[in-house]
Amino acid sequence: NTMDGAGADVLGDGAEALLLLTLLITPLITVTRQRWFTPLRRWYGIMFAVTAISDATIASITTGFAGGVFGRIAGHSFLLAGLTMVVLAIPLLATANNPAQRWLGKYWKPLQKMTYVIWGLLFVHLSLLEGFGFQHGANGSGHPTDGDPVFHQRLYQYTACSIPLLILRLPPVKRWIAEQQKADRDWLVYLAVVPFAVLFVLGFSFIVNEEIFKGIDAITLHPSDE
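All figures in this text were calculated on a predicted structure; none of them were measured in a lab.

Conventions we followed
- Throughout this description, residue numbers start from 1 for each chain and increase along the sequence as written.
- In keeping with the model being predicted, local features are shown solely for residues with a pLDDT of at least 70 and side-chain atom pairs are shown and tallied solely at 80 or more, while totals for entire chains, interfaces and linings include all residues.
- Water and hydrogen atoms were dropped before computing side-chain values, which therefore reflect all heavy atoms in the structure.
- Each helix is a run of H or I in the DSSP string that is no shorter than four residues. Each strand is a run of E no shorter than two, and both are numbered from the N terminus.
- As used in this structure description, the phrase polar contact means that two N or O atoms lie within 3.5 Å; if the pair is within protein, one of them must be able to donate a hydrogen and the other to accept it, and residues adjacent in sequence are counted only when both atoms belong to side chains.
- The criterion used for residue contact is that any of the two residues' heavy atoms lie within 4.5 Å.
- Relative accessibility decides the category of a residue: with a 1.4 Å probe and only protein chains considered, values under 20% of the type maximum give buried, values over 50% give exposed, and everything between is partly exposed.

(A) Main features of the side chain of E210. With respect to the helices, strands and loops of the structure, E210 is situated in helix α10 (residues 186–219). Within the structure, the side chain of E210 is placed 3.5 Å from the side chain of R154, a separation counted as a polar contact. Leaving out residues up to four positions away in the same chain, E210 has contacts with D9, D13, R154, Q157 and G215.

(B) Inspection of unusual backbone geometry at higher detail. You will see that R33, though not glycine, has its phi angle at about 60 degrees, which is positive. Within the secondary structure, R33 sits in the loop between α1 (2–32) and α2 (39–62). Take R33: its relative accessible area is 46%, and that puts it in the partly exposed class. Positioned with a positive phi, D184 is a non-glycine residue whose angle comes to about 60 degrees. Within the secondary structure, D184 sits in the loop between α9 (171–182) and α10. A relative accessible area of 63% places D184 in the exposed class.

Below, the structure is given as structure tokens:
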């Protein structure tokens, strides 16, 4: 019962947070010109894949959707989008090591770029899951004391975090940042990035908050009914 009630919340939200952290490393490198934290990208990606696969595995056993194992993991459009993400994460996990990188050579980096496909599919998954952010109830904001605040919708949390990550990857933006850095105007870069950083932290804080409280509920075997 706890796995059924909390698996998608705890593991699903955990996988979402880890994917966002994986995607965060490249913009941080662009803005700070530091590379000492680059290895975190691989480890966040590995933990994302492990968590997402665990989520799908538990869902295939415990959830109440009709149609057996296949129905539990692909019986609805939002489940199918989630399953596709997990399938794509498997080769990424299998090749997230130095021997695979050497063996694949020039093909390794294009393969790892499937992370961006997963990024888009997670938006589709949450959109279908939450009625494009307008749904009320178990998959929406749900809790009666919440009303319906924007940031209590998973889709909006994810969008708030994704906007800065997308903008800071755009070639014109990266060129502008490089030009300012070359001209020793790093202060201007940081000033321009502050609003995006605030938006990311705001969205991510709601994800972490939900993860903490629903995780504690799951550990104490009293899964949240939201």
